[in-house]
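Listed here are the chains, written in short residue letters.
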Amino acid sequence: MKRIDITLAVCLFLFISVTGQNIPREKILFYEKVKSSLDTVTPCSAHVCTVQDDSLVIAFFGALCHYPELCPTNIRLQYGSIRTSMAAQPRLWSLLFRKRSKRKYKVIINQKAHSEQAQLLYAAPFNACIGVMGHELAHITDYSTQSGWQMIWTGIRYLGKKYRRKMERETDSIAIARGFGWQLYNYAYFIIHQADIDEGYRRYKLEYYMKPEEIYEMILQKEEDDMDG
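What comes next concerns the included structure. (Residues numbered from 1 in each chain as written. Predicted model: local features only at pLDDT ≥ 70, side-chain atom pairs only at ≥ 80, totals over all residues. Heavy atoms only, no water.)

Under the counting rule described, the total for this entry stands at six salt bridges. With its nearest N and O atoms 2.9 Å apart, the salt bridge here joins Glu 170 to Lys 166. Remark: Lys 166 and Glu 170 occur in helix α8 (residues 161-194); sequence separation between them is four residues, near one turn of the helix. By relative accessible area, Glu 170 is classed as partly exposed at 40%. Under the relative-accessibility criterion, Lys 166 is labelled partly exposed at 46%. Between Glu 214 and Arg 169 there is a salt bridge, with the nearest N and O atoms lying 2.7 Å from each other. One end of the pair, Glu 214, is in helix α10 (residues 212-228); the other, Arg 169, is in helix α8, with 45 residues separating them in the sequence. (Salt bridge = Lys/Arg side-chain N within 4 Å of Asp/Glu carboxyl O. Helix = DSSP H or I, 4+ residues; strand = E, 2+ residues; numbered from the N terminus. Buried < 20%, exposed > 50% of the residue type's maximum accessible area, 1.4 Å probe, protein only.)

Right, dumping it as structure tokens:
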């Protein structure tokens, strides 16, 4: 990293630490606003939800609106027993025996009893939940471009720390490009500075995903590029 980049990163870190989240109100996606906007949208028949929490359901379908190419893709939002708060995966049977265009996916919400990760989404602001939903759907857009064997190789490589970090940070970048910058920033800030979670899980998030100040920098750059464009 160049010296000027290091200086900027340090300045952003200090700014965020002192001022807090500092999210412009007009950039926050509120539950009622998103729910109201979904009332005018015809839902895609390929998307299935077995989750009972209305806030998470609205966040899921609100995030899907930013990925119109996923409308014909079979995606199920469901509960499951996983090690993190959320995960996006292809359904194993469809990965092995279906064409790429017919593959089915699942977005899993942790439901382990008394798990801090399971409680994380329920404690996070709605705006932040949309951010993490946008991140998981960004994974699916990436998966949908890969063959079954490529997906298997991706899963094997994901076991390595270096590749996992690269993949998760690239997925954050995709979500930011789709317009989830402030929402991802909200979630990252919540995880690092506010969430009541084990320090080991907090360190895991810091190691593999973008830090709040990195997301903040990308937001500013994207907004500047949009103005110039």
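What follows is about the nonpolar core. Ranked by internal contacts, the top residues of the largest apolar core, which has 57 residues, are Ile 75, Ile 109, Met 133 and Leu 137. Contact partners of Leu 137, with chain neighbours within four places excluded, come to Phe 60, Ala 63, Leu 64, Tyr 67, Leu 70 and Ile 75. (Core = buried A, V, L, I, M, F, W, Y, C linked by side-chain atoms within 4.5 Å. Contact = heavy atoms within 4.5 Å.)

Next up on the list: the environment of Ala 46. With respect to the element layout, Ala 46 can be found in the loop between α2 (31-38) and β1 (47-49). Separated by 27 residues in the primary sequence, Ala 46 and Thr 73 have C-alpha atoms spaced 6.0 Å apart. Non-local contacts of Ala 46, meaning those with residues more than four positions away in its chain, are made with Cys 71, Pro 72, Thr 73, Asn 74 and Ile 75.

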